[in-house]
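Per-entry structural report
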Amino acid sequence: MKYRQVEDPLKLIWPKFPSGYVWRSGNKGDKERYLMPSNPNEQPMGYEPLLQYTGLFRDFSELSLTEDAFRDFANSYGLLGLAHDVNRPHLLAESSFEWNDSVLRMRPLVALWRAIQTGNTHALASIGKWKDGEFLYEVGDSVRSGSQWFVPESGVIQSYELKNSGVAPGDIISAARQVLQRLVNRQLRVFPTLPALLFDREGKLRLFMQPQSLGSALWIQFSQAISENHTLRECSVCNHWFQVGGASGKRADAETCSPKCRQAKHRADLKGNARKARAKSRRQK
Ligand SMILES: [Zn+2]
């Protein structure tokens, strides 16, 4: 049986400004800082984040909480689109609070997912515990950034929810999976992905699922990674995360994320080998 080659059902073309982004202070009396295009009059260019960067959510989750790190991310991928209309995504600026908050919501959930994936019960014991047939959790740390405090997400998975999903009392991995599900679903509602008729590569209208912003793309990509148990690797050249194995089309032992990085690694290897050879010949003299 021959399968038709179809495009990924998820599709987002997201704008970024070629001249990049800058932080500016808000109006008088507003202590917040805002990230915005440095030249809002230029034409943004579109790219497909989900197609090009298969581990972008993990890069995002690891951003350091600094204006520089956020700006560099925006320079590469555009704004998150936190309050935006998908048809006019570049009109608004995004605050420092919103960026901190977005990273700090994703980071502990990626760590939680990793702990579940690797069966790290020690790490899982630090996010929650069983008590009287319920599971109490607290995900994330209290983090201070500037004058703002960010607090962990805490709550209870009740015994009937656990029972309905067939989680045996005391099973911390399955209980942690419930926590992950709940908190990721919460973000999927904040950052929605909706059905939309879009043009495919052949110029035909087709039904796609369209993340409504870059933030939505990050959360749907993370959700896909959870659902399909993706394996991610860190590129040895650019240090970005990318998916290997499965449907990614990349070998499980791939060291580089893209043809560009593969070539850079190849050139560096050649140089390294030449240097080694020179050192060897010097020693022999
Ligand atoms: Zn790379």
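Scroll up to find the structure.
The notes below deal with the structure included here. Every value quoted in this text rests on a predicted model; they were computed, and no experiment measured them. (Residues numbered from 1 in each chain as written. Predicted model: local features only at pLDDT ≥ 70, side-chain atom pairs only at ≥ 80, totals over all residues.)

Some remarks on the overall build of the chain
Across its full length, the chain carries nine helices and 14 strands. The principal-axis extents of the C-alpha atoms in the chain amount to approximately 75 × 55 × 55 Å. A total of 285 residues make up the chain; the buried ones form 29% of that total. In the chain, 59% of the contacts between residues at least 6 apart in sequence involve partners at least 24 apart. (Helix = DSSP H or I, 4+ residues; strand = E, 2+ residues; numbered from the N terminus. Buried ≥ 20, exposed ≤ 12 C-beta atoms within 10 Å, placed from the backbone. Contact = placed C-beta atoms within 7 Å.)

So, the sheet that holds strand E5 (residues 94–95)
Working definition: the strands of a sheet are paired by backbone hydrogen bonds and lie parallel or antiparallel to each other. Across the sheet, three strands lie side by side as E2-E3-E5; this open sheet has antiparallel pairing. Edge positions in the sheet fall to strand E2 (21–25) and E5, since each has one partner strand and no second. When strand E3 (residues 33–37) meets E5, the two strands line up antiparallel, connected through two bridges. The partner of leucine 35 across the bridge, within E5, is glutamate 94. (Pairing = 2+ DSSP bridges.)

Some details on the environment of leucine 205
Tracing the backbone shows leucine 205 in strand E12 (residues 205–211). Through-space distance from the C-alpha of leucine 205 to that of alanine 274 is 53 Å; in sequence the pair is 69 residues apart. Setting aside residues up to four positions removed in sequence, leucine 205 forms contacts with Leu197 and Phe199.

Here we look at the nonpolar core
In this structure, Leu35, Met106, Leu112, Ala176, Val179 and Leu218 are the most contacted members of the largest nonpolar core, which totals 48 residues. When residues of this core are traced back to their parent elements, those giving at least two are E3, helix H2 (56–61), helix H3 (67–77), helix H4 (96–117), strand E7 (134–139), helix H7 (172–190) and helix H8 (214–227). Those residues in contact with alanine 176, other than ones at most four positions away along the chain, are Leu112, Ile116, Leu124, Ile127 and Gly128. (Core = buried A, V, L, I, M, F, W, Y, C linked by C-beta atoms within 7 Å.)

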